[in-house]
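Report on the structure
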Amino acid sequence: MRDCMKQVRNLLKAKIQCIWIDTYEEAEVIKDLKEILNEITGLNLYAWSHTEGLKRLPLTDLEQPEPANTKIMHPRALFDVIREAQEDTAVKREGVYVLRDFHLLNDTHEVKRSLRDLKEYPSKNYNPIVVVSPIINIPVEHEKLFTIVSYDVPSKAEIEKIVNIMTRNINAAIKKGRDFKAPTEAEQRQLVNACIGLTFNEISDVFAKSLVQYKCLSLDAVMEEKIQLVKKAGVLDYVIPRFTFDDIGGNHAFKAWVEEVEDAYSEEAVEFGCEKPKGYLALGVPGTSKSVGAEAIAKKWGIPLLKLNMSKIMNKLVGESERKIEQAFRVAKACAPCVFLWDEVEKMLGGKKSFSA
């Protein structure tokens, strides 16, 4: 179970009515919810979608899955079912209702009012709603109802488990005569670091593609997957570094600082407890190697260079520019370690003048 799901467990124990989990990994969230509900006895688990309807999910392998009720595909029908369970005075009917991609349906007056009628008033039985969606789109009317939880990507320890399992599977396949190459311990460490920021499904997919294409777990395949992340985001440019510090004249203090920063990122420095520098601000007239310096760092360290394209960020719709910036930082985090270049930042943050009375 991911560490972030401990917060969900505490919210359920506190009987919070509405939880919004921000993630692309529906299956992983449901798997973690099953683990939580095996600890919190008395709560069933239900999954709903607008295309499938409502179905009860088994909490253990011993239970048989039930077919979905296609008569409960509309949100209003779902809310009626939850209300009936909440108000049942004869039997204790409690369960967690997972709503998948509910953000696509929550902007009509009927849905907004129905959810408030359902969750703003006390009820006998506890039947919380858990929305699982990659987009946080909570109407103003529901902002006070929901608690937001970000479902983190797998931790380094979890990725190590995935790599170890894949390595064992490859060794078993080699014994059966398959033409694979198992990663060494050093290569396993490199793969773990390279996969940080990817989801569980992305890691599984990239390893499967790597075995087909390279007959091994290749770092190149992982980097290709991260390039795909950048392309799909549509707000960042993936730049292949062309320049080195030999192409930059002067800037001796900057070059010396980069050498110190490189040492601070080493495993020895991390074990010693050295703080990692977060970045730097380059100021100067055109032609003083501000952008080229970022390329040289990426070239020297052998990591991707991501460039934030301001023309793709700015949008006339209210809140859309902010959403794209958030998306850009999320992709950059997923591609870490990388060099993130925010070029000509003054074009977005400048142009404002404040006056004091």
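Shown above is the structure to which this text applies.
Attention here is on the structure that accompanies the text.

Assigned secondary structure in the protein consists of 14 helices and nine strands. Counting over 357 residues, the protein shows a buried share of 40%. Within the protein, contacts between residues at least 6 apart in sequence are counted, and of these 71% link residues at least 24 apart. For the protein, the accessible surface area stands at approximately 21000 Å², while carbon and sulfur atoms represent 53% of it. Of the side chains in the protein, 51 bear a positive and 53 a negative charge, and the two mean positions are spaced by 2 Å.

If you trace the backbone, lysine 226 turns up in helix 8 (residues 219-233). When the C-alpha atoms of lysine 226 and alanine 336 are compared, they prove to be 9.3 Å apart, with 110 residues separating the residues in sequence. Apart from residues no more than four positions distant in its own chain, lysine 226 is found in contact with Ala194, Ile196, Leu198, Ala334, Cys335 and Ala336.

The next subject is the pairing of strand 1 (residues 18-22). Strand residues, when the strand is regular, have side chains that alternate between the two faces of the sheet. Across the five residues of strand 1, five count as buried, placing the element largely inside the fold. Because side chains alternate across strand 1, one face comprises the buried residues Cys18, Trp20 and Asp22, and the other comprises Ile19 and Ile21, equally buried. By the bridge criterion, five bridges tie strand 1 to strand 5 (residues 129-133) in an arrangement that is parallel. Bridging across to strand 5, aspartate 22 finds its partner in serine 133. With five bridges connecting them, strand 1 and strand 6 (residues 146-150) associate as parallel partners. Among the inter-strand pairings, tryptophan 20 is bridged to a residue of strand 6, identified as isoleucine 148.

This paragraph deals with the sheet that holds strand 6. If you walk across this open sheet you meet the six strands as 3-2-4-5-1-6, and the pairing is mixed. Whereas interior strands pair on both sides, the edge strands pair on one side only; in this sheet they are strand 3 (53-57) and strand 6. Sheet twist, expressed as the average angle between the axes of neighbouring strands with direction ignored, equals 25°. The sheet strands contacting helix 3 (residues 75-86) are strand 2 (44-49), strand 3, strand 4 (95-100) and strand 5, and the helix crosses strand 4 at an angle near 170°.

A few words on the layout of surface pockets. There is about 310 Å³ of room inside the second largest pocket. Listing elements by their share of the lining of the second largest pocket, those giving two or more residues are helix 2 (26-39), helix 5 (156-175) and helix 7 (200-214). For the lining of the second largest pocket, the element with the highest residue contribution is helix 5, accounting for five residues. Here the residues of the lining of the second largest pocket are counted per class, giving eight nonpolar, one polar and seven charged.

Moving on, we get to the pairing of strand 4. Within strand 4, six of the six residues are buried, which leaves it mostly tucked inside the rest of the structure. Residue alternation in strand 4 divides its side chains into two sets, Gly95, Tyr97 and Leu99 and Val96, Val98 and Arg100, and both sets are buried. Relative to strand 4, strand 2 runs parallel, the two sharing five bridges. Considered in strand 4, the bridge of asparagine 44 is made with glycine 95. Crossover strand 4 to strand 5 through helix 4 (residues 109-119) is right-handed.

This brings us to the nonpolar core. Among the nonpolar cores identified, the biggest contains 25 residues, and Met5, Val8, Leu12, Ile19, Ile21, Leu33 and Leu45 are the most heavily contacted of them. Contributions of two or more residues to this core are made by helix 1 (5-13), strand 1, helix 2, strand 2, strand 4 and strand 5. Of all the elements, helix 2 adds the most residues to this core, at five residues. If we skip the residues at most four places from it in the chain, methionine 5 touches Ile21, Val29, Asp32, Leu33, Ile36 and Tyr151.

To continue, consider the packing of helix 5 against helix 7. Packing of helix 5 against helix 7 brings their axes to within 11 Å, and their N-to-C directions diverge by 30°. Here helix 5 lies roughly parallel to helix 7, going by the angle between them. Note that helix 5 runs across helix 7; the crossing there is right-handed. Residues Ile159, Ile162, Val163, Met166 and Ile170 of helix 5 form the contact with helix 7, whose own contacting residues are Phe200, Ile203, Phe207 and Leu211.

Quick notes on the rules
Residues numbered from 1 in each chain as written. Predicted model: local features only at pLDDT ≥ 70, side-chain atom pairs only at ≥ 80, totals over all residues. Heavy atoms only, no water. Helix = DSSP H or I, 4+ residues; strand = E, 2+ residues; numbered from the N terminus. Buried < 20%, exposed > 50% of the residue type's maximum accessible area, 1.4 Å probe, protein only. Contact = heavy atoms within 4.5 Å. Areas by Shrake-Rupley, 256 points an atom, 1.4 Å probe, with all protein chains shown as cover. Lys, Arg positive; Asp, Glu negative; His and termini not counted. Charge placed at Lys NZ, Arg CZ, Asp CG, Glu CD. Pairing = 2+ DSSP bridges. Axes fitted to C-alpha atoms, helices over the stretch in contact; angles between N-to-C directions. 1 Å grid on protein atoms, 1.4 Å probe; cavity = no way out; pocket = protein on both sides within 12 Å on 5 of 7 lines; lining within 4 Å. Points joined across faces, edges and corners; volume = space filled by probe spheres on them. Nonpolar A, V, L, I, M, F, W, Y, C, P; charged D, E, K, R; others polar. Right-handed = clockwise from strand over helix to strand, strands pointing away. Core = buried A, V, L, I, M, F, W, Y, C linked by side-chain atoms within 4.5 Å. Parallel < 35°, antiparallel > 145°, perpendicular 65-115°, else oblique. Left-handed = near helix turned anticlockwise from the far one by under 90°.

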